[in-house]
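Per-entry structural report
The primary structure of each chain is shown beneath.
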Amino acid sequence: MEIRIPKYDGEKITKIRKKIELVFGRASTWDDVTISERYNISGDGDLIMIIR
């Protein structure tokens, strides 16, 4: 069985974490994988929450 580890953009994750702290008033304790699956950031710097 092949295990695929996706690549995550560290700079993008950092921006998302800063925006989460600004919006929610506290830092996220989630790991990078969870952050990248649930949030994104627009070109304008807006936080986008991904709901499935």
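Going by the structure above, here's the rest.
Residues numbered from 1 in each chain as written. Predicted model: local features only at pLDDT ≥ 70, side-chain atom pairs only at ≥ 80, totals over all residues. Heavy atoms only, no water.

Let's talk about the packing of aromatic side chains
With the rule as written, the count across this model stands at one aromatic pair. Directly above the ring of Trp-30 sits Arg-38, whose terminal nitrogen or CZ lies 4.9 Å from the centroid. (Phe/Tyr/Trp six-rings, centres within 6.5 Å; stacked < 30°, edge-to-face > 60°. Lys NZ or Arg CZ within 6 Å of the ring centre and 35° of its normal.)

Points about the pattern of salt bridges
Within the structure shown, the criterion is met by two salt bridges. Its salt-bridge partner being Glu-11, residue Lys-15 comes within 3.7 Å of it at the nearest N-O pair. Residue Lys-15 and its partner Glu-11 are both found in helix α1 (residues 10-24); the two are separated by four residues, about one turn of the helix. Note that Arg-17 is salt-bridged to Asp-32, the shortest N-O span being 3.1 Å. (Salt bridge = Lys/Arg side-chain N within 4 Å of Asp/Glu carboxyl O. Helix = DSSP H or I, 4+ residues; strand = E, 2+ residues; numbered from the N terminus.)

Considering the nonpolar core
By size, the foremost hydrophobic cluster in this structure holds six residues: Ile-13, Ile-16, Ile-20, Ile-35, Tyr-39 and Ile-41. It is α1 that contributes the most residues to this core, three residues altogether. If sequence neighbours within four positions are ignored, Ile-35 has contacts with Ile-13, Ile-16, Arg-17, Ile-20, Ser-28 and Trp-30. (Core = buried A, V, L, I, M, F, W, Y, C linked by side-chain atoms within 4.5 Å. Buried < 20%, exposed > 50% of the residue type's maximum accessible area, 1.4 Å probe, protein only. Contact = heavy atoms within 4.5 Å.)

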